[in-house]
Amino acid sequence: MIQQSVKVNKKAGLYAKPVNQLVQTASQFNADIYLIYNERKVNVKSVLGILSLAIPNQAEVTIEASGEDETEALKEIIRYLEES
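Please read all numbers here as calculations on a predicted model, not as lab measurements.

Colleague: Help me understand the sheet that holds strand E2 (residues 32–37) in this model?
Modeller: Strands pair in a sheet through their backbones, by hydrogen bonds, and they do so in one of two ways: parallel or antiparallel. As summarised here, the arrangement of the 4 strands in space is E1-E4-E2-E3, forming an open sheet in which the pairing is antiparallel. The two strands at the open ends of the sheet, each matched to only one other strand, are strand E1 (2–7) and strand E3 (40–43). With strand direction ignored, the average angle separating the axes of adjacent strands in the sheet is 25°. Bridge analysis of E2 against strand E4 (residues 60–66) gives 5 bridges, and the strand direction is antiparallel. Note on E4: the bridge partner recorded for aspartate 32 is serine 66. Helix H3 (residues 70–82) contacts E1, E2 and E4 of the sheet and is inclined by roughly 5° relative to E1.

Colleague: Explanation requested: helix H1 (residues 16–26) in the structure shown.
Modeller: Quick reminder: α-helices carry 3.6 residues per turn. Residues three or four places apart thus point the same way. Listed in full, the buried residues belonging to H1 are Pro18, Val19, Leu22, Val23, Thr25 and Ala26. End-on, the buried residues of H1 take up no more than an arc of 160°, which puts them together on one face. Exposed residues lying more than 90 degrees from the buried face of H1 are Lys17 and Gln24. Elements in contact with the buried residues of H1: E2, helix H2 (47–51) and H3.

Colleague: Would you mind showing me how to read the pattern of salt bridges here?
Modeller: Two side chains that carry opposite charge are able to pair once their charged atoms sit near each other. The full count for this structure, using the stated rule, is 4 salt bridges. For glutamate 76, the salt bridge goes to arginine 79, with nearest N and O atoms at 2.4 Å. A residue pair is termed a helical-turn pair when its members lie 3 or 4 positions apart in one helix, as glutamate 76 and arginine 79 do in helix H3 at 3 residues. Salt-bridge contacts for arginine 79 lead to glutamate 83; the nearest nitrogen and oxygen are separated by 2.8 Å. What makes arginine 79 partly exposed here is its relative accessible area of 40%. The exposure class of glutamate 83 is partly exposed, given its relative accessible area of 33%. Beyond isolated ion pairs, a larger network of salt bridges with shared partners links Lys10, Glu76, Arg79 and Glu83.

Calculation notes
Residues numbered from 1 in each chain as written. Predicted model: local features only at pLDDT ≥ 70, side-chain atom pairs only at ≥ 80, totals over all residues. Heavy atoms only, no water. Pairing = 2+ DSSP bridges. Helix = DSSP H or I, 4+ residues; strand = E, 2+ residues; numbered from the N terminus. Axes fitted to C-alpha atoms, helices over the stretch in contact; angles between N-to-C directions. Contact = heavy atoms within 4.5 Å. Buried < 20%, exposed > 50% of the residue type's maximum accessible area, 1.4 Å probe, protein only. Arc of directions from axis to C-beta. Salt bridge = Lys/Arg side-chain N within 4 Å of Asp/Glu carboxyl O.

In structure tokens form, the structure reads like this:
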């Protein structure tokens, strides 16, 4: 299992369209991937789970991945969250 913190760089935070794209990105990997925000942990492959966190722009979140392709998954999720 690996973890890394990252700042969300999406103008309006994580709302419907960016969340859908994030879930599609995460779904390409076999690893279990979680997003942690305000002490709540949700599966990154769950649209409703991510939306329930109401993550604003510039919020600091932690990404946690475990599984055979965890390193690639973590890198790709972080790349997506950091791009504007």
